[in-house]
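Architecture and fold: a report
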Amino acid sequence: MLKTQQITLEKAIVQREGNIVSDMDGEKVMLSVHKGKYYNLGELGGEIWELMKEPITIHDLVTTLQSQYDVTQTECEEQVTAFLSQLLEQDLVNIKESINS
C-alpha cells in the first residue's frame, strides 16, 4: 500500500494501535498484530517509539533526541524522517496535521 502522506516537521505522529512491544537486551522488538510481522526497532528506534505513545510533532521529537545525543539538527531530522517513513510504509504509525487532530 502506497502512502501519500508527507512527513514534515510540523506534523504530529503517534503509534498505531495493535502492536505488542517488548524490550530484549536494551532493544525494542515489536509484533504487529494486524500484519503478523515482527520488527526490531533497535535501541534508538525503541526510544522514538516510546516518545510516540502520545501524539508528538516531528519537530519536538527531533528536539528531544538532539538534547540526548551529539548529533546535528540536519542529521537528526534526516534519520528520524527516514525511520518514520519506514514505520509509515508498514502502517505502524499515524500522521496527523497537528497534535490535536
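Everything discussed here concerns the structure shown above.
Note on numbering: residues in each chain are counted from 1, in written sequence order. Side-chain atom pairs in this predicted model are given and counted only at pLDDT of 80 or more, local residue features only at pLDDT of at least 70, and totals for whole chains, interfaces and linings cover all residues. Hydrogen atoms and water are omitted, and side-chain values are computed over all heavy atoms in the structure.

Some words on the sheet that holds strand β2 (residues 19–24)
Keep this limit in mind: Two strands qualify as a pair provided that DSSP identifies no fewer than 2 bridges between them. Secondary structure is summarised from DSSP: a helix means a run of H or I of at least four residues, a strand means a run of E of at least two, and numbering begins at the N terminus for each. Lines fitted to the C-alpha atoms define the axes, with helices restricted to the stretch that makes contact. Angles between their N-to-C directions range from 0 to 180 degrees.
The antiparallel open sheet is built from three strands, whose spatial order is β2-β3-β4. Looking along the sheet, the strands with just one partner apiece sit at the ends: β2 and β4 (37–41). Here the strands of the sheet are splayed against their neighbours by 25 degrees on average, with no regard to which way each runs.

Quick word on helix α3 (residues 73–89)
Rule in force here: Here the expected span of a helix is defined as 1.5 Å times the quantity of residues minus one. Each residue is placed in one exposure class: buried if its accessible area under a 1.4 Å probe, protein chains only, is under 20% of its type's maximum, exposed if it is over 50%, and partly exposed if it falls in between. Here the arc refers to the set of directions running from the helix axis out to each C-beta atom.
Taking 1.5 Å of rise per residue, 17 residues should cover 24 Å, and α3 covers 24 Å from first to last C-alpha, within 8% of that figure. Where α3 is concerned, the buried positions are Cys76, Val80, Phe83, Leu84, Leu87 and Leu88. Taken around the axis of α3, the buried residues stretch over an arc of 140 degrees, which confines them to a single face. Away from the buried face of α3 by more than 90 degrees, exposed residues Thr74, Gln79, Gln86 and Glu89 are located.

Details of the side chain of Lys28
So the rule is basically this: Residues count as neighbours in contact if any of their non-hydrogen atoms are within 4.5 Å of one another.
Tracing the chain through its elements places Lys28 in strand β3 (residues 27–32). Classification of Lys28 as buried rests on a relative accessible area of 18%. Apart from the residues lying within four places of it in its own chain, the contact partners of Lys28 are Val21, Ser22, Asp23, Tyr39, Asn40, Leu41, Gly42, Gly46 and Glu50.

Re the packing of helix α1 (residues 42–51) against α3
Applicable threshold: When describing relative orientation, an angle under 35 degrees is termed roughly parallel and one over 145 degrees roughly antiparallel, while 65 to 115 degrees is termed roughly perpendicular and anything else oblique. Classification used: nonpolar for Ala, Val, Leu, Ile, Met, Phe, Trp, Tyr, Cys and Pro, charged for Asp, Glu, Lys and Arg, polar for all others including Gly.
Remark: α1 packs on α3, axes separated minimally by 12 Å, with the N-to-C direction vectors making an angle of 75 degrees. The angle between α1 and α3 places the two elements in the roughly perpendicular class. In contact with Gly45, Ile48 and Trp49 of α1, α3 contributes Val80, Phe83, Leu84 and Leu87. Residues that form the contact of α1 with α3 fall into these classes: six nonpolar, one polar and no charged.

Everything listed here is a matter of geometry and, on its own, says nothing about what the molecule does.
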